[in-house]
Amino acid sequence: MKDTYNTTMLTDFYEITMANGYFQSNAEVKDYIATFDMFFRRVPDNGGFAIMAGVEQLIDYLKNLKFTDEDIEYLRGEGCFCEEFLDYLKNFEFVCDVWAVPEGTPIFPYEPIVTVKGPAIQAQFIETMILLTINHQSLIATKANRIVRAADGRPVMEFGTRRAQGTAAAIFGARASYIGGCVGTACAIADRDYGVSALGTMAHSWVQSFDSEYEAFYEYTKMYPNNATLLIDTYNVLSSGLPNAIKVFKELKPAKMGVRIDSGDITYLTKKTRQILDEAGLQDCAIVISNSLDEHLISEVLREGAQISSFGVGERLITAKSEPVFGGVYKLAQIEKPDGTVIPKMKISENVEKITNPGFKNVYRFIGKDHGKALADVITLRSEGKPSEDTYEIFDPNATWKRKTLYDYEVKELLVPIFEKGKCVYESPSISEIRDYCKEQVATLWDESLRFDNPQTYKVDLSQELFDLKLDLLNKYGHQG
């Protein structure tokens, strides 16, 4: 969505109060260099992986960070911010380093997908928009990819604009669904602004507006002879809609033709429709299905033998209805004091899943040379450098006796530089390139990770050095309270 207003203040209020606190702190925290990681703890829908999305919009936000006079006056009116801090905001200049996993990449719990390093005030302040942007689009891209895989090669169109929770959710959801594998969207502005192909047929109101169903179909096909898809369930699919569609198609002979069914028993209706179309000599006529679909319903009707050419999926995709929260978090991992002292940081909790990984980190993916499949991801400290491409021992950080030596692999660095000292150094690929990349990268996962039910857990391990650091900090601080 093209920005029509400044989004700098689209943040949690505590980001600003903390920034003011850093600025005034006697401990000189404002001069600390802080490192934050964004990661998520669980794949939505208990899936085997998620899809990274939203980086382009994060870049747009960071490029345009500035506080307007209106912002400063609003903050002054709150009566809790010092004038020196407000002056700092008035002259704000973003200077952080940022790394991110490229859009379309399969991602897994606990590994950093965005890392920010810079002045504590700045690195903390951008938390909300990082989470808002990456969480939403990664959620929708992940759901779209599940639905596309369920369709088993049949095109899926995103039809959810009118069900989205607001304008940004509709537009960016359409973008994310395309990254996840959809062929297009009903959202026209997503085509205009992002090149996501706009697709659509007609509404029941078009059919109802004419004196007869036949007349409605005839007029539509006459106006769109290159691609006429007719909605045949306004009155009765088999006794009215389909016979009228067949009559019009035979009279006007459009270059491409299709019928859409938006209600009823999908399996039964599509089987009968396919049979009748074929008997009429219209074997090339497509059958498009919509109506509250998701990956589970699509898989089931295809298993039952439904005759479907493509799907239009709306509310359950654009809202990720089955699990509408991605759950990414943004946590402090390290601080560096002005004197050069580096202090790793971690959150410790009685809930084991909420314990974070400390330090300034990187993530690597090991890809087998003989089959091109992903073997494991390893989170390391940046100081370790790239893992050896000879052999590498991985181990389960929750069960350290489970160890395996990898060999005959390539190592891929997942986090790439996005900003250096506040300047963007990354050129976003086109939306079609991201979509193709996503398909290519999902193909590197084993079938066991692609299952919708009880997928195999992909290995995301810690390097020995990072594991030792984490254990040392747990022993040092874990008993405090």
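Refer to the preceding data block for the structure.
Per chain, residues are indexed from 1 in the order of the written sequence. Local features are withheld for residues below a pLDDT of 70 in this predicted model, meaning they are given only at 70 or higher, and side-chain atom pairs are given and counted only at 80 or more; totals for whole chains, interfaces and linings count all residues. In computing side-chain properties, one takes all heavy atoms of the structure into account and sets aside hydrogens as well as water.

Please explain the overall build of the protein chain as it appears in this structure.
Only runs of H or I of at least four residues qualify as helices and only runs of E of at least two qualify as strands under DSSP, and these elements are numbered from the N terminus. Regarding its fold elements, the protein chain presents 17 helices and 21 strands. In terms of principal-axis extent, the alpha carbons of the protein chain reach across some 85 × 60 × 40 Å. Here the term buried applies to any residue with accessible area under 20% of the maximum for its type, exposed to any over 50%, and partly exposed to those in between, with areas from a 1.4 Å probe on protein chains only. Counting over 481 residues, the protein chain shows a buried share of 51%. Contacts are assigned to residue pairs that have any heavy atoms within 4.5 Å of one another. Considering only contacts within the protein chain whose residues lie at least 6 apart along the sequence, 73% involve residues at least 24 apart. Exposure was quantified through the Shrake-Rupley algorithm and a 1.4 Å probe, taking into account, for residues, occlusion by the shown protein chains and nothing else. Of the roughly 22,000 Å² that the protein chain leaves accessible, carbon and sulfur atoms contribute 48%. Here the protein chain contributes 52 positive and 69 negative side-chain charges, whose respective centroids are spaced 3 Å apart. The charged-residue count follows a simple rule in which Lys and Arg add positive charge and Asp and Glu add negative charge, with His and chain termini not counted at all. The atoms used to mark charge sites are NZ of Lys, CZ of Arg, CG of Asp and CD of Glu.

Mind showing me how you'd approach empty space enclosed by the protein here?
Left-over empty space is what a probe sized like a water molecule reveals as it rolls over the atoms. Points on a 1 Å grid over protein atoms alone make up a cavity when a 1.4 Å probe fits among them but cannot get out, and a pocket when they form an open set with protein on both sides within 12 Å along at least five of seven lines; lining residues each have an atom within 4 Å of a point. Grid points are joined across faces, edges and corners, and a volume is the space filled by probe spheres set on the points. In this structure the tally under the stated criterion is 2 cavities of 30 Å³ or more. In this structure, the largest cavity spans a volume of roughly 70 Å³. Every residue lining the largest cavity is listed: D37, F39, Y110, P112, K331, L332, A333, I355, T356, N357 and K361. Among the secondary structure elements, those contributing two or more residues to the lining of the largest cavity are strand 1 (33–40) and strand 12 (328–336). No other element matches the 3 residues that strand 12 contributes to the lining of the largest cavity. Here the residues of the lining of the largest cavity sort into 6 nonpolar, 2 polar and 3 charged. Volume-wise, the second largest cavity comes out at about 40 Å³. Lining the second largest cavity we find G47, G48, F49, T142, R146, R149, S449, L450 and R451. At the level of elements, helix 6 (127–150) and helix 16 (447–450) are the ones that each hand at least two residues to the lining of the second largest cavity. The dominant element in the lining of the second largest cavity, judged by the number of residues it contributes, is helix 6, at 3 residues. Here the nonpolar group is Ala, Val, Leu, Ile, Met, Phe, Trp, Tyr, Cys and Pro; Asp, Glu, Lys and Arg are the charged ones; every other residue, Gly included, is treated as polar.

What's the story with the pairing of strand 15 (residues 374–381) in this structure? I'm lost.
Residues in a regular strand point their side chains to alternate faces of the sheet. The buried fraction of strand 15 amounts to 7 of the 8 residues, a majority that puts the element mostly inside the structure. One bridge is not enough; two strands pair if DSSP finds at least two bridges between them. As paired strands, strand 14 (residues 361–368) and strand 15 are joined by 7 bridges and run antiparallel to one another. Looking at the pairing, Y364 lines up with V378 of strand 15. The turn linking strand 14 back onto strand 15 is made up of 5 residues, and G372 within it adopts a positive phi angle of 70°. Across 3 bridges, strand 15 lies against strand 21 (residues 460–462) in parallel orientation. Note that in strand 21 the partner of D377 across the bridge is V460.

Before we go on, may I ask you to explain the sheet that holds strand 12 in this structure?
Backbone-to-backbone hydrogen bonds join strands into a sheet, with any given pair of strands oriented parallel or antiparallel. Sheet architecture is open: 7 strands sit in the order 13-12-1-5-3-19-20, paired in antiparallel fashion. Looking at the sheet topology across the chains shown, the edges are occupied by strand 13 (342–344) and strand 20 (423–424). Pairing between strand 3 (residues 97–100) and strand 5 (residues 114–119): 4 bridges, direction antiparallel. Bridging from a neighbouring strand, V98 pairs with V116 of strand 5. This element, helix 6, spans strand 1, strand 5 and strand 12 of the sheet and lies at about 140° to strand 12. Here the axes come from fitting lines to C-alpha atoms, over the contacting stretch only for helices, and the angles between their N-to-C directions go from 0 to 180 degrees.

I'm lost on the pattern of salt bridges in this one. Help?
Close approach of charged atoms lets side chains of opposite charge pair. We define a salt bridge as a contact between a side-chain nitrogen of Lys or Arg and a carboxyl oxygen of Asp or Glu at a distance within 4 Å. All chains considered together, the criterion is met by 23 salt bridges. One salt bridge connects D31 with K30, and the closest N-O pair in it is separated by 3.5 Å. Residue classification places D31 among the partly exposed positions, given a relative accessible area of 37%. Under the relative-accessibility criterion, K30 is labelled partly exposed at 33%. Taken together, the salt bridges that share partners define one network made up of D45, K143, R146 and E295.

When you look at the side chain of R365 in this model, what are you seeing that I'm missing?
For R365, the location among the structural elements is in strand 14. Looking at R365, its side chain comes within polar contact range of the side chain of D377, at 2.7 Å. By the criterion applied in these results, polar contacts are pairs of N or O atoms within 3.5 Å in which, for protein atoms, one can donate a hydrogen and the other can accept it, and in which residues neighboring in sequence qualify only through two side-chain atoms.

Hey, could you run me through the sheet that holds strand 15 in this one?
Taken in spatial order, the 4 strands make up an open sheet running 18-14-15-21, and their pairing is mixed. Only two strands of the sheet have a single partner each, and these edge strands are strand 18 (409–413) and strand 21. Direction aside, the axes of adjacent strands within the sheet are offset by 30° on average. Where helix 17 (residues 464–477) meets the sheet, it contacts strand 14, strand 15 and strand 21, and its direction lies at approximately 50° from that of strand 15.

What should I look at first to understand helix 10 (residues 213–223) in this one?
One turn of an α-helix holds 3.6 residues; hence residues three or four places apart share an orientation. Burial in helix 10 covers these residues: E213, A216, F217, Y220 and T221. One side of helix 10 holds all its buried residues, which, seen down the axis, span an arc of 120°. For helix 10, the elements touching its buried residues are helix 9 (204–208), strand 8 (228–231) and helix 11 (237–252). Picture the helix axis, draw a direction to every C-beta atom, and the arc is the one those directions span.

Which parts of the structure should I look at to understand the pairing of strand 17 (residues 399–407)?
In this structure, strand 16 (residues 391–396) lies alongside strand 17, joined through 6 bridges in antiparallel fashion. Bridge pairing in strand 17 links T391 to Y407.

For this particular structure, what's the right way to read the layout of surface pockets?
By volume, the largest pocket is sized at about 930 Å³. Along the wall of the largest pocket there are 34 residues; nearest its centre are Y110, D396, P397, N398 and V460. Put simply, the parts of the chain that give the lining of the largest pocket at least two residues each are strand 16, strand 17, strand 21 and helix 17. Looking at the lining of the largest pocket, the element that brings in the most residues is helix 17, giving 4 residues. Taken together, the residues of the lining of the largest pocket sort by class into 17 nonpolar, 7 polar and 10 charged. Along its surface, the second largest pocket is lined by 23 residues, and F159, R162, R260, D262 and S290 are the ones closest to its centre. For the lining of the second largest pocket, the per-class residue count stands at 8 nonpolar, 10 polar and 5 charged.

For this particular structure, what's the right way to read unusual backbone geometry?
Excluding glycine, a negative phi dihedral is what most residues carry, and trans is how most peptide bonds are arranged. Despite not being glycine, D152 shows a phi value in the positive range, around 55°. Turning to its location among the elements, D152 is positioned in the loop between helix 6 and strand 6 (156–158). According to the relative accessible area criterion, D152 is exposed, its value standing at 59%.

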